[in-house]
Structures are given as structure tokens and as C-alpha cells.
Amino acid sequence: MLESDIEEVMDVLEQLITRVDCLAEERETYRTLFKDGLLVLCAGLIEDEDMVFSYTEELKNQLLQTPENPFSLEQMAKHICISPYHMIRQFKTAVGLTPHQFQIQSRIRKAQKLLKTNKSVTEVALETGFCDQSHFNRYFKKIVGLTPKEYKKAIH
């Protein structure tokens, strides 16, 4: 993209921000959301790696802090105001895994910590966001190499 194209896009975006400022009710909320979305759009247009890093890190931190939350790809992408496919590519480039793979690994890491407590495998499965124990067992064994029950016995 040429610098003159970027300037033209920025002018149009500034006009849109001005129009959003005219909204009477909830102006600040809309303005903030709109500006955040525009910043992400601009970062994509000019390929600002710091901006890409920023929203990728934000999503990564969110998945680390609450891996049990059932985020869909659409929700994740909407949260950072980009398309789901673009988000997956950017996240995989930055982290080495897709958001879903990263979330599953984060859930398994949390499960490993919880299995060190007196909680049952079923409780851990539900607390880490898996819909059922068989789903949990399958991913746990794939990542750790043991079933959750075998892992619990090995650490106690």
C-alpha cells in the first residue's frame, strides 16, 4: 500500500471518528470501541507489527488466565476486531499454535495443576472447560502421554 493511500484511508477514518463523536447517548463507549477497531484496521493496512503483537498478546494472556472459558473463534476475533481467519494466521505466526490449540494446551496445563489436589478427574475436566470426561481424557493423553488417572497416580 502506498503512503498516499494510507493517508487517504486515515482521512476517511478521521471523518468517521468525527461522526461517531456526534452520537449523543453512550458516546464514549461507542467512540472507544470504534477507535479500537480502527486502530486494528490501520495496523493491518500498514502492517504495524507492534499492533499485531499487542492484540495477539492480549488474546494469549486471556487464554492463559481463563482457558476454561468457551471462546469461539468468532468471539476471539470480534474481541480484537479482525476476521477469524486473519486472527488465526496472526496468532499462529506469533505463538506457533492456533488459538484453539493454545487454549487446549492451557487447559491441560491447568488440569495438571488441579490433579495435584484432591479433586477427582471428573471435577478437573469440568473445571478446565471440557464438555465431558472422555473429551478431557483424549486431549490429556495426546498432550501429556498419560491419561489423567495415570497422571494423578504418578504424581501421588
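Treat the numbers as computed from the prediction; the structure is a model and nothing was measured.

1. Some remarks on the pattern of salt bridges
For side chains of opposite charge, pairing can occur when their charged atoms come near one another.
Turning to step 1, where the next piece is worked out: Tallied over the full model, the rule gives 3 salt bridges.
Turning to step 2, where the next piece is worked out: With its nearest N and O atoms 2.8 Å apart, the salt bridge here joins Lys 110 to Glu 68. With Lys 110 in helix 6 (residues 99-115) and Glu 68 in the loop between helix 3 (49-65) and helix 4 (73-79), this pair connects stretches of sequence that are 42 residues apart.
Turning to step 3, where the next piece is worked out: Its relative accessible area of 22% is what places Glu 68 among the partly exposed residues.
Turning to step 4, where the next piece is worked out: Across the salt bridge formed by Lys 119 and Glu 127, the nearest N and O atoms sit 2.6 Å from each other.
Turning to step 5, where the next piece is worked out: When its relative accessible area of 28% is taken as the criterion, Lys 119 is described as partly exposed.
Turning to step 6, where the next piece is worked out: When its relative accessible area of 32% is taken as the criterion, Glu 127 is described as partly exposed.

2. Here's the deal with the packing of aromatic side chains
Turning to step 1, where the next piece is worked out: One pass over the full model with this rule turns up 5 aromatic pairs.
Turning to step 2, where the next piece is worked out: When the ring of Phe 140 is compared with that of Tyr 151, the centres are 5.4 Å apart and the planes differ by 70°; the resulting orientation is edge-to-face. Pair noted here: Phe 140 is in helix 8 (residues 133-144) and Tyr 151 is in helix 9 (residues 148-155), with a separation of 11 residues, a long-range link. Here Phe 140 and Tyr 151 have matching classes, each one buried.
Turning to step 3, where the next piece is worked out: These aromatic residues form a ring-pair network of at least three members: Phe 130, Phe 136, Tyr 139, Phe 140 and Tyr 151.
Turning to step 4, where the next piece is worked out: Cation over ring: Arg 109 sits above Phe 102, and NZ or CZ is 6.0 Å from the ring centre.

3. Regarding the nonpolar core
Turning to step 1, where the next piece is worked out: Formed by Ile 104, Ile 108, Ala 111, Leu 114, Leu 115, Val 121, Val 124, Ala 125, Phe 130, Phe 136, Phe 140 and Tyr 151, the largest nonpolar core amounts to 12 residues.
Turning to step 2, where the next piece is worked out: Elements supplying a minimum of two residues to this core: helix 6, helix 7 (121-127) and helix 8.
Turning to step 3, where the next piece is worked out: The element best represented in this core is helix 6, accounting for 5 residues.
Turning to step 4, where the next piece is worked out: Residues contacting Phe 140, with those up to four places away along its chain left out, are Ile 108, Ala 111, Gln 112, Leu 115, Gly 145, Leu 146, Thr 147, Pro 148 and Tyr 151.

4. Some details on the environment of Gln 65
Turning to step 1, where the next piece is worked out: Looking at where Gln 65 falls in the secondary structure, it is placed in helix 3.
Turning to step 2, where the next piece is worked out: Note: C-alpha distance between Gln 65 and Ser 106 (41 residues apart in sequence) is 8.7 Å.

5. Details of helix 6
Turning to step 1, where the next piece is worked out: End to end, helix 6 covers 24 Å across 17 residues, agreeing with the expected 24 Å (1.5 Å per residue, within 8%).
Turning to step 2, where the next piece is worked out: Here helix 6 has its buried residues at Pro 99, Phe 102, Gln 103, Ile 104, Ser 106, Arg 107, Ile 108, Ala 111, Leu 114 and Leu 115.

6. Things to note about helix 9
Turning to step 1, where the next piece is worked out: Buried residues of helix 9: Pro 148, Tyr 151 and Lys 152, and no others. For helix 9, the buried positions fall inside an angular range of 100° around the axis, keeping them on one side. Opposite its buried face, helix 9 presents the exposed residues Lys 149, Lys 153 and Ala 154, each directed more than 90 degrees away.
Turning to step 2, where the next piece is worked out: Among the structural elements, helix 6, helix 7 and helix 8 are those in contact with the buried residues of helix 9.

Reading guide: rules and limits
- Residues numbered from 1 in each chain as written.
- Predicted model: local features only at pLDDT ≥ 70, side-chain atom pairs only at ≥ 80, totals over all residues.
- Heavy atoms only, no water.
- Salt bridge = Lys/Arg side-chain N within 4 Å of Asp/Glu carboxyl O.
- Helix = DSSP H or I, 4+ residues; strand = E, 2+ residues; numbered from the N terminus.
- Buried < 20%, exposed > 50% of the residue type's maximum accessible area, 1.4 Å probe, protein only.
- Phe/Tyr/Trp six-rings, centres within 6.5 Å; stacked < 30°, edge-to-face > 60°.
- Lys NZ or Arg CZ within 6 Å of the ring centre and 35° of its normal.
- Core = buried A, V, L, I, M, F, W, Y, C linked by side-chain atoms within 4.5 Å.
- Contact = heavy atoms within 4.5 Å.
- Expected span 1.5 Å × (residues − 1).
- Arc of directions from axis to C-beta.

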